[in-house]
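Observations on chain architecture
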Amino acid sequence: MERADSPSPLQLVKRALPELNGAMQRVAEHIQANPDEVARGSITKLAEAAQTSAATVTRLSTHLGFAGYPALRAALAMEVGRGIEAGWASDIGMAIGPADPPEQVLNVLASTQANALRNALASIDLAAAARVADSIAGARRTHIYGEWGDAIPARELYIRLLRIGIPVWFFDGPQAGSIGSGLLESGDVALVVTRQGNDPATLEFIKRSKSGGALTVAITGVADSPIGRVAEVVFDTGTPVGGTWTEFFAGRASDTLTAGLLFVLVAQRVPDHLTANHPNGPGQPVITPDS
């Protein structure tokens, strides 16, 4: 019986390789290069891949200390399964499992977003939102910065503000951020979306914008972060950053809600912009499906 502290089957293969030759070496090399395939395959398939016989595969299995190929394959399957589970847990998280049905996945994602939205409702500073909306509506220019996943709600806000004629620009990446922040001065607005609040390029964007005199605004899940401590106005969305994608995805709902709130508050301050900058031409009404 394999003990808990026994070497993994892949470790056993690696240790045995230097002393193997010929067909057994080919089998071992194929196992090492394709453990997931071998864990799912038959002895015949492995033998064909290594251009040898099933008997050779059996000899290698016993040489490694297993009762036969079925025992080796079972150990490989367990090893591969542990690797998949660990990778899944560190990336997606354990709220959703690799084998969960679609309805379970949907329910978990919806419930985590609903919780994030409730957190945002209890956390967003509405007085600060009104102040920022006033500033954006009257600013000479507003620069919005977001990287990678943070760029999604940041770019959405940029598109909406641009649509109603606000002088707004979107930036991502250190070089673009350095240029954009260097153009700002008193009366301008610099706004960032940063789930974690510690990205170096985003922090530099805020610092440089602030040094030029711009109002600096951060939408973040971690108010007490390097960026949160530097920005003049901080929107705490109420959902701290998590270690997995599921948690990150939940927090994104609160980021998008905050950005949407700012857009509508700005639009309220310049309602004439909605028709003056209509895609079909100035003065056109907003067309709805019932019109």
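Heads up: the structure comes first, above all this text.
Read on for an overview of the structure. Computed from a predicted model, the values in this text were never measured in an experiment. (Residues numbered from 1 in each chain as written. Predicted model: local features only at pLDDT ≥ 70, side-chain atom pairs only at ≥ 80, totals over all residues. Heavy atoms only, no water.)

**Considering the nonpolar core**
Grouped burial of nonpolar side chains is what soluble globular proteins tend to show. Basically, it comes down to this: Grouping buried Ala, Val, Leu, Ile, Met, Phe, Trp, Tyr and Cys residues that are joined through side-chain atoms within 4.5 Å yields what is termed a nonpolar core. We call a residue buried when its accessible area falls under 20% of the maximum for its residue type, exposed when it is over 50%, and partly exposed in between, using a 1.4 Å probe and counting protein chains only. Helix and strand definitions follow DSSP, with helices as H or I runs of at least four residues and strands as E runs of at least two, each counted in order from the N terminus.
Ile144, Leu161, Ile166, Leu191, Val217, Phe235 and Val266 are the most contacted members of the largest nonpolar core, which has 33 residues in total. Per-element tally for this core: the top contributor is helix α13 (residues 245-269), with six residues.

**A word on the environment of Phe249**
Stated precisely, the cut-off is as follows: The contact definition used throughout considers only heavy atoms, calling two residues in contact when any of these lie within 4.5 Å.
Note that Phe249 resides in helix α13. Setting aside residues up to four positions removed in sequence, Phe249 forms contacts with Leu109 and Gln113.

**A closer look at helix α2 (residues 22-33)**
Note the threshold: An expected span of 1.5 Å times one less than the residue number is assigned to each helix. Directions are taken from the helix axis to each C-beta atom, and the arc is the one they span.
Relative to the 16 Å expected for 12 residues at 1.5 Å per residue, α2 spans 17 Å between its end C-alpha atoms, a close match to the ideal helical length. Those residues of α2 not exposed but buried are Met24, Val27, Ala28, His30 and Ile31. Taken around the axis of α2, the buried residues stretch over an arc of 160°, which confines them to a single face.

**Some thoughts on the pairing of strand β5 (residues 233-236)**
Spelled out, the test is: When DSSP finds at least two bridges between two strands, those strands are taken to pair.
Burial of the side chains of β5 is restricted to one face: Val233 and Phe235 are buried, whereas none of Val234 and Asp236 on the reverse face is. Taken together, the four bridges between strand β4 (residues 215-220) and β5 define a ladder with parallel strand orientation. Paired with Ala218 across the two strands is Val234, which belongs to β5.

**Concerning the packing of helix α10 (residues 174-182) against helix α11 (residues 200-211)**
Relative placement of two packed helices is described by the angle separating their axes and the distance separating the axes. What counts is decided by this rule: Between the N-to-C directions of two axes lies an angle of 0 to 180 degrees, each axis being a line fitted to C-alpha atoms and, for a helix, fitted only over the stretch in contact. Orientation categories follow fixed angle ranges, with anything under 35 degrees roughly parallel, anything over 145 roughly antiparallel, 65 to 115 roughly perpendicular, and all other angles oblique. Three classes are used, and their members are as follows: Ala, Val, Leu, Ile, Met, Phe, Trp, Tyr, Cys and Pro are nonpolar, Asp, Glu, Lys and Arg are charged, and the others, Gly among them, are polar.
Viewed as axis vectors pointing N to C, α10 and α11 meet at an angle of 10°, and their least axial separation amounts to 8 Å. As far as their axial angle goes, α11 and α10 are roughly parallel. Across the interface between the two elements, Pro174, Gly177, Ser178, Gly180, Ser181 and Gly182 of α10 pack against Ala201, Phe205, Arg208 and Ser209 of α11. Its residues assigned to classes, the contact of α10 with α11 shows three nonpolar, six polar and one charged.

**Describing a nonpolar patch on the surface**
The cut-off we apply is this: A patch consists of residues whose relative accessible area exceeds 30% and which take part in no salt bridge; residues with like charges are grouped when within 9 Å of each other, and nonpolar side chains (Val, Leu, Ile, Met, Phe, Trp, Tyr) when within 5 Å. Here the accessible surface of atoms and residues is derived via Shrake-Rupley with a 1.4 Å probe, and residues count as covered only by protein chains that are part of the display. By salt bridge we mean one thing: a side-chain nitrogen of Lys or Arg within 4 Å of a carboxyl oxygen of Asp or Glu.
Residues Leu117, Leu121 and Leu257 make up a contiguous nonpolar surface patch of roughly 270 Å² in combined accessible area. In this structure, Leu121 sits in helix α7 (residues 102-123).

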